[in-house]
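# A look at the structure
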There are 2 protein chains.
Amino acid sequence: MFSPLIDELMSALRCLPGVGPKSAQRMALQLLERDREGAGRLATALSNAVEGVGRCRLCRTLTEQDICGTCSNSKRDDSLLCVVETPADVLAIESAGTYQGKYFVLMGHLSPIDGIGPAEIGIDVLAQRLREEGIGELILATNPTVEGEATAHYIAELARGQGVKVSRIAHGVPLGGELEYIDGGTLAHAFSSRRAL
Amino acid sequence: MFSPLIDELMSALRCLPGVGPKSAQRMALQLLERDREGAGRLATALSNAVEGVGRCRLCRTLTEQDICGTCSNSKRDDSLLCVVETPADVLAIESAGTYQGKYFVLMGHLSPIDGIGPAEIGIDVLAQRLREEGIGELILATNPTVEGEATAHYIAELARGQGVKVSRIAHGVPLGGELEYIDGGTLAHAFSSRRAL
Ligand SMILES: [Zn+2]
Ligand SMILES: [Zn+2]
């Protein structure tokens, strides 16, 4: 119905989560009618991010730096390492404001059915850090879903095998929920009442 | 919180209508974690559209061609010209499937308070077409809002002054509503019961 370049833009916008055909149409027309500067800036930001953003060598989170800002922050407590599934989980915990240690970001969870095993979530990197660094406590903050619990269980076994103390954040985070959508108060409570595994 | 390139991407995504900080964060992380190919394709589509898409010389709709596909379609009835506010309105009317004439797209409506006068909505181009082409009927399908009605009234006066028959699509489109969100049946009814002005 529209010209090829506009159709292609509408189709490309569908790669955004939660954007269906009607939203994609509204977005494309609004950008072209009223905000070409914003559209140009978005094109540049996408290209730069796709080209530049990789993984932190220490914690695996998304960053364009070799070592991310959190890992290189000397004010944070090196003896605490919190394992989460995604960068959004780090953001949620930071918003709660009580945790002062460092993070390890799995970028997923164990899911044998999808071919995601220990190597895919960086367990080799984590194991090496547990061996080489003087980590006093490993805090497991994977989601309280079936896969998140299985992943926490797997990592707990690994850490125990290396003599590292392991804990799991307290329930209080609703079961089946997604960590990144939980309010800061609930998360702070879950951290403070964590129990040794 | 995130690295500069990711922060910039989240900020740039906010130019999309309906995208707040939380959605922008979710979109940026999902693209970088799981769909870099889609993100690259979106960057290209945005650049191409911003650079390539202009206005149809005859009807003012968005297109990268000199004359758009609808205007150059010889199967459509040249004697009917339907005036709408936006390209999305054209799409809505086409979906209704009964109108076989051509379009003139104002790309807005008269709004003196925002500095949008006749020149900004292409009334000079429309006036020239009314003078030079043998248009049998001008159908006004601007939105049934205060500004849309005022715009229809202004164009009706212009067309009458040049001896061109003018009609307004029937009410049936709910007052205060936005044309692009109306179902095809209501739109078809509105076209068939249009009244002479
Ligand atoms: Zn890091
Ligand atoms: Zn045209």
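In this text, all values refer to a predicted model and were calculated from it rather than measured experimentally. (Residues numbered from 1 in each chain as written. Chains lettered and ligands numbered in written order. Predicted model: local features only at pLDDT ≥ 70, side-chain atom pairs only at ≥ 80, totals over all residues. Heavy atoms only, no water.)

## Quick look at the overall build of chain A
Tallying secondary structure elements over chain A gives 7 helices and 7 strands in all. Helices (α) and strands (β) of chain A occur, in sequence order from the N terminus, as α-α-α-β-β-β-α-β-α-β-α-β-α-β. For chain A, the spread of C-alpha atoms along the principal axes amounts to about 65 × 35 × 35 Å. Of all 197 residues assigned to chain A, the portion counted as buried reaches 51%. The contacts of chain A with a sequence gap of at least 6 include a subset with a gap of at least 24, amounting to 54%. Both charge centroids of chain A, one from 19 positive and one from 25 negative side chains, sit 3 Å from each other. (Helix = DSSP H or I, 4+ residues; strand = E, 2+ residues; numbered from the N terminus. Buried < 20%, exposed > 50% of the residue type's maximum accessible area, 1.4 Å probe, protein only. Contact = heavy atoms within 4.5 Å. Lys, Arg positive; Asp, Glu negative; His and termini not counted. Charge placed at Lys NZ, Arg CZ, Asp CG, Glu CD.)

## Some points on the coordination of the zinc ion (ligand 1)
Residue and element names in this part refer to chain A. Distances from the zinc ion (ligand 1) to its protein donors, namely C56 (SG), C59 (SG), C68 (SG) and C71 (SG), fall within the range 2.2 to 2.4 Å. Here the donor residues of the zinc ion (ligand 1) are spaced in sequence according to C-x2-C-x8-C-x2-C. Residue C68 is classed as buried on the basis of its relative accessible area of 4%. (Donors = N, O, S within 2.8 Å, 3.2 Å for Na, K, Ca; no water.)

## Some thoughts on the interface of chain A and chain B
The partner chain B presents 54 residues to the 54 residues of chain A that form the contact. For the pairing of chain A and chain B, the buried interface totals around 5,100 Å² over both sides, and the portion due to carbon and sulfur atoms is 71%. The tally of links between chain A and chain B comes to 2 salt bridges. A salt bridge links R41 of chain A to E8 of chain B, with the nearest nitrogen and oxygen atoms 3.1 Å apart. (Buried area = accessible area lost by both parts, 1.4 Å probe. Salt bridge = Lys/Arg side-chain N within 4 Å of Asp/Glu carboxyl O.)

## Regarding the domain arrangement of chain A
Examined at the domain level, chain A breaks down into domain 1 (4-52) and domain 2 (62-168). For domain 1 of chain A versus domain 2 of chain A, the distance between C-alpha centres works out to 34 Å. (Domains from an automatic or database assignment.)

## Remarks on the relation of the copies chain A and chain B
Aligned on chain B, chain A shows an RMSD of 0.1 Å; the corresponding rotation is 180 degrees and the shift along the axis is 0.0 Å. This pairing of chains is accounted for by a two-fold axis. When C-alpha distances to the rotation axis are compared across chain A, the minimum falls at A43 of chain A, with a value of 2.1 Å. Here 100% of the interface residues in chain A have copies in chain B that are interface residues too; the copies meet face to matching face. (Least-squares fit on C-alpha atoms with pLDDT ≥ 70 in both.)

## Looking at the confidence of the model for chain A
Residue and element names in this part refer to chain A. In the predicted model, chain A carries a mean pLDDT of 90, and 94% of its residues have values of at least 70. Averaged over each element, pLDDT in chain A is lowest for strand β7 (residues 195-196) (64) and highest for helix α3 (residues 36-52) (97). The ipTM assigned to the predicted complex is 0.79, against a pTM of 0.79. (pLDDT = per-residue confidence, 0-100.)

## Quick word on the environment of P112 of chain B
Residue and element names in this part refer to chain B. Its place among the elements puts P112 in the loop between β4 (101-105) and α5 (123-132). Judged by relative accessible area, P112 falls into the exposed class, the value being 72%. On a C-alpha basis, the gap between P112 and A170 in space is 26 Å, while along the polypeptide they are 58 residues apart.

## So, the environment of E94 of chain A
Tracing the backbone shows E94 of chain A in helix α4 (residues 87-96). Here E94 of chain A falls in the partly exposed class, since its relative accessible area comes to 24%. Between the C-alpha atoms of E94 of chain A and G184 of chain A, which are 90 residues apart in sequence, the distance is 8.6 Å. With near-sequence residues (within four places) excluded, E94 of chain A lies in contact with R76, Y99 and Y103 of chain A together with M1 of chain B.

## Let's talk about the pairing of strand β6 (residues 165-168) of chain A
For a regular strand, side chains alternate in direction, first toward one face of the sheet and then toward the other. All names here are of chain A. Strand direction decides the pairing type here: strand β5 (residues 137-140) and β6, joined by 4 bridges, are parallel. Directly across from E137, in β6, lies its bridge partner K165. As for the winding sense of the linkage, the β-α-β connection from β5 through helix α6 (residues 146-161) to β6 is right-handed. (Pairing = 2+ DSSP bridges. Right-handed = clockwise from strand over helix to strand, strands pointing away.)

## Observations regarding unusual backbone geometry
For R60 of chain A, which is not glycine, the phi torsion reads 70 degrees and is therefore positive. Its place among the elements puts R60 of chain A in the loop between β1 (54-55) and β2 (62-63). With a phi close to 60 degrees, M107 of chain B is a non-glycine residue in the positive phi region. Of note, M107 of chain B is situated in the loop between β4 and α5. Take M107 of chain B: its relative accessible area is 16%, and that puts it in the buried class.

## Details of the pairing of strand β3 (residues 77-84) of chain A
Residue and element names in this part refer to chain A. Summarising the sheet, β3 and strand β4 (residues 101-105) pair through 5 bridges and their orientation is parallel. Within β4, the position partnered with V83 by the bridge is F104. As a crossover connection, the stretch from β3 through α4 into β4 is right-handed. Pairing of β3 with β5 involves 4 bridges; the strand directions are parallel. In the strand pairing of β5, L81 is matched with L138.

## As for the packing of α3 of chain A against helix α1 (residues 4-13) of chain B
Closest axis-to-axis distance for the α3 of chain A/α1 of chain B pair is 9 Å, and the angle between their directions is 150 degrees. Here α1 of chain B runs roughly antiparallel to α3 of chain A, going by the angle between their axes. Once α3 of chain A is placed against α1 of chain B, the crossing between them reads as left-handed. The residues of α1 of chain B that touch α3 of chain A, namely those facing R41, L42, A45, L46, N48, A49 and G52 of chain A, are L5, E8, L9, S11, A12 and L13 of chain B. Per-class residue counts for the contact of α3 of chain A with α1 of chain B are 8 nonpolar, 3 polar and 2 charged. (Axes fitted to C-alpha atoms, helices over the stretch in contact; angles between N-to-C directions. Parallel < 35°, antiparallel > 145°, perpendicular 65-115°, else oblique. Left-handed = near helix turned anticlockwise from the far one by under 90°. Nonpolar A, V, L, I, M, F, W, Y, C, P; charged D, E, K, R; others polar.)

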